[in-house]
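Geometric and topological summary
Residues per chain, in single letters:
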Amino acid sequence: MTRKTRLYLIRHGEVVGAGTPRYNGHADVGLTDRGLDQYHQLKGRFAGIRLAACYSSDLTRCATGARILGGHFGLEPLLDSSLRELNIGIWEGMTWAEIIARYPAEWEARLADIVNYRVPEGENLLDLQARAMPAIRRIVDRHRGEEVLVVAHGGINRLILLDAIGAPLGALFNIEQTYACLNIIDYYEDGKAVVMLLNG
């Protein structure tokens, strides 16, 4: 095995409106009190770990947690819009029930082709992959032999995990990402990636 970079990949804490299925996308929704508490509880998972850097989506639900966790290590988070959630276009902020009622044909079209279908004014999974994975590769290359924290979103985390195990984008929802979950991925210099923990 060659030298590795360990990536601690976290999904943001619980957000306002949790419990009702909806697409938040780039909408800058806030955290609940429970969501804030989840970040503080996560500090215990990093006992004995030396983080070299902390990166985060620039949306509030991630950036707030990155400041909490990064501050625990004396690190100022580096905010990156490339790590934002999938832009879901005109559906942003809408519940699934609202979308099904207003856009039934488009809803079915997306279910039929989760990878390629692009919601009007939004992105598809290929767009997200093209935006997010170069950012992850830059982080890994910048921190060879180190351990880094990334705070991001459910959709983008699933995409990063699928890439690590070499699975197709169509399997996106075969991976669960609960609020404030922790994933660990080791990236080796020879290009190999190993998922050490998923949805912890």
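Please read all numbers here as calculations on a predicted model, not as lab measurements.

Quick notes on the rules
- Residues numbered from 1 in each chain as written.
- Predicted model: local features only at pLDDT ≥ 70, side-chain atom pairs only at ≥ 80, totals over all residues.
- Heavy atoms only, no water.
- Helix = DSSP H or I, 4+ residues; strand = E, 2+ residues; numbered from the N terminus.
- Rg over C-alpha atoms; globule rule 2.2 N^0.38 Å.
- UniProt positions renumbered as here; feature names shortened; annotations may be inferred.
- Buried < 20%, exposed > 50% of the residue type's maximum accessible area, 1.4 Å probe, protein only.
- Contact = heavy atoms within 4.5 Å.
- Polar contact = N/O pair within 3.5 Å; in protein donor to acceptor, adjacent residues only side chain to side chain.
- Salt bridge = Lys/Arg side-chain N within 4 Å of Asp/Glu carboxyl O.

1. Side note on the overall build of the protein
From N to C terminus, the protein includes six helices and six strands. Starting at the N terminus, the α and β elements of the protein follow one another as β-α-β-α-β-α-α-α-β-α-β-β. For 200 residues, the compact-globule formula gives about 16 Å, and the C-alpha radius of gyration of the protein, at 17 Å, lands near that figure. Projected onto its principal axes, the C-alpha coordinates of the protein cover approximately 50 × 40 × 25 Å.

2. Comments concerning the UniProt feature "site: Transition state stabilizer" (unreviewed entry) in the protein
Annotation from UniProt places "site: Transition state stabilizer" (unreviewed entry) at His153. Inspection of the secondary structure puts histidine 153 in the loop between strand S4 (147–152) and helix H6 (154–165). The class of histidine 153 is buried, set by a relative accessible area of 0%. Setting aside residues no more than four positions away along its own chain, histidine 153 makes contact with Arg11, His12, Ser57, Leu59, Arg61, Cys62, Leu83, Arg84 and Glu85. Within the structure, histidine 153 has its side chain in polar contact with the side chain of serine 57 (distance 2.9 Å).

3. Side note on the pattern of salt bridges
Within this structure, the stated rule accounts for 10 salt bridges. Ionic pairing is found between lysine 4 and aspartate 186, a salt bridge with its closest N-O pair at 3.4 Å. In this pair, lysine 4 is assigned in strand S1 (residues 4–11) and aspartate 186 in strand S5 (residues 182–188), connecting sequence segments 182 residues apart. Exposure remark for lysine 4: the relative accessible area of 33% places this residue in the partly exposed category. Salt-bridge contacts for arginine 118 lead to aspartate 127; the nearest nitrogen and oxygen are separated by 2.8 Å. Residue aspartate 127 is classed as partly exposed on the basis of its relative accessible area, which comes to 24%. If you follow the salt bridges from partner to partner, you end up with Lys4, Arg6 and Asp186 in one network.

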